[in-house]
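# Report on the structure
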Amino acid sequence: MNQHSHTHAAFAFNRAFAIGIALNLGFVVVEAAAGLMAGSLALLADAGHNLSDVAGLVLAWVAALAAGRLPDSRHTYGWQRASILAAFANAVLLLVAMGSLLWEAGQRLQAPPPTDAVTVMVVAAIGVLVNGVTAALFMSGMKSDMNLRGAFLHMAGDALVSLGVVLAGALYLWTGWGWLDPVASMTIALLIIVGTWRLFRQSLHLLFDGVPESVVLAEVDALLRAQPGVDDVHDLHVWAMSTTGTALTAHLVMPGGHPGDAFLEQVGGELHDRFHITHPTLQIELGGHDHGCARTLGE
């Protein structure tokens, strides 16, 4: 059931990825051509940045499809972790892009170059539309899937950057202040970095088998200990198999013996409903073994 849901989610956003990649690749061509015609290094540089957006979308799409592949004898969990890797890579790409934008804006702030404001505003307005539409394609999945949230943040961030360029260009036409464009770019870049840092931190945490934020390990431990017939819980581990699937393994000490499949199904249902754990594995023990340091929660 869990593998089916991953496959369904991947194919559900196939169209969104295809449209987003096509739109952004077309915009890169338009922006690069406009930059050459207007002699604008800013537009050429931004075209290069938007090319990285295409790479980010391709990465997220490949990861979503990989996560839907069936397990085999070599990959018993399938390729679900690809979605976590893609979320991390998208966060890194966005942080690097915003860092580069900050550096470039700092250089321009020292000696603001003359700007073909009208051309820049028109191209940036197209960028707002393209990036905004692409971000909207992933909005419905961003809350439940970190990989899709990475794609959404990447495109929404670029839409904000383009909007800032439009506003800065309008103010430049009105006031003639050359420092407006780099200051607006720096402000937007800092805002995007703040928003992206959480995605970076979460994805890095999951890459090292950290407990997902939706799970409080002490509460999981308490739920298992509260089950009838359970005297002790040890070797409790919870980790993310993907950006949408969470696994659990635990040993339950039950001196009365195995309680039957109905017990396991009932506990699995509670773990799913309360903590969104999709792949629980419970081992029943009669007790009497010394597990040393493998005690639950460091006991």
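Residues numbered from 1 in each chain as written. Predicted model: local features only at pLDDT ≥ 70, side-chain atom pairs only at ≥ 80, totals over all residues. Heavy atoms only, no water.

The next thing to look at is the pattern of salt bridges. Where charged atoms from two side chains of opposite charge approach closely, those side chains can pair. Taken as a whole and judged by the stated rule, the model has 5 salt bridges. The partner of Arg 225 in a salt bridge is Asp 221, and the shortest N-O contact between them spans 2.8 Å. Within this pair, Arg 225 and its partner Asp 221 are both found in helix α8 (residues 217-225), separated by 4 residues, close to a single helical turn. Here Asp 221 falls in the buried class, since its relative accessible area comes to 6%. (Salt bridge = Lys/Arg side-chain N within 4 Å of Asp/Glu carboxyl O. Helix = DSSP H or I, 4+ residues; strand = E, 2+ residues; numbered from the N terminus. Buried < 20%, exposed > 50% of the residue type's maximum accessible area, 1.4 Å probe, protein only.)

Helix α7 (residues 180-207) packs onto helix α6 (residues 146-175) with a crossing angle of 170 degrees between their chain directions and a minimal axis gap of 8 Å. The angle between α6 and α7 falls in the class roughly antiparallel. Residue classes in the contact of α6 with α7 are distributed as 14 nonpolar, 7 polar and 3 charged. (Axes fitted to C-alpha atoms, helices over the stretch in contact; angles between N-to-C directions. Parallel < 35°, antiparallel > 145°, perpendicular 65-115°, else oblique. Nonpolar A, V, L, I, M, F, W, Y, C, P; charged D, E, K, R; others polar.)

With that out of the way, let us pick up a nonpolar patch on the surface. A surface patch of nonpolar side chains, about 410 Å² in accessible area, is lined by Val 30, Val 118, Val 122, Ile 126 and Leu 173. In terms of residue count, helix α5 (residues 117-137) provides more of the nonpolar patch than any other element does, 3 residues in total. Here Val 118 is to be found in helix α5. (Patch = residues over 30% accessible without salt bridge, like charges linked within 9 Å, V, L, I, M, F, W, Y side chains within 5 Å. Areas by Shrake-Rupley, 256 points an atom, 1.4 Å probe, with all protein chains shown as cover.)

So, about unusual backbone geometry. Phi at Asp 209 is positive, roughly 60 degrees, even though this residue is not glycine. With respect to the helices and strands, the residue Asp 209 is situated in the loop between α7 and α8. For Asp 209, a relative accessible area of 42% gives the class partly exposed. Within the chain, His 276 stands out as a residue other than glycine whose phi angle is a positive 60 degrees. In this structure, His 276 sits in the loop between α9 (261-275) and β3 (279-285). Using a relative accessible area of 48% as the deciding quantity, one classes His 276 as partly exposed.

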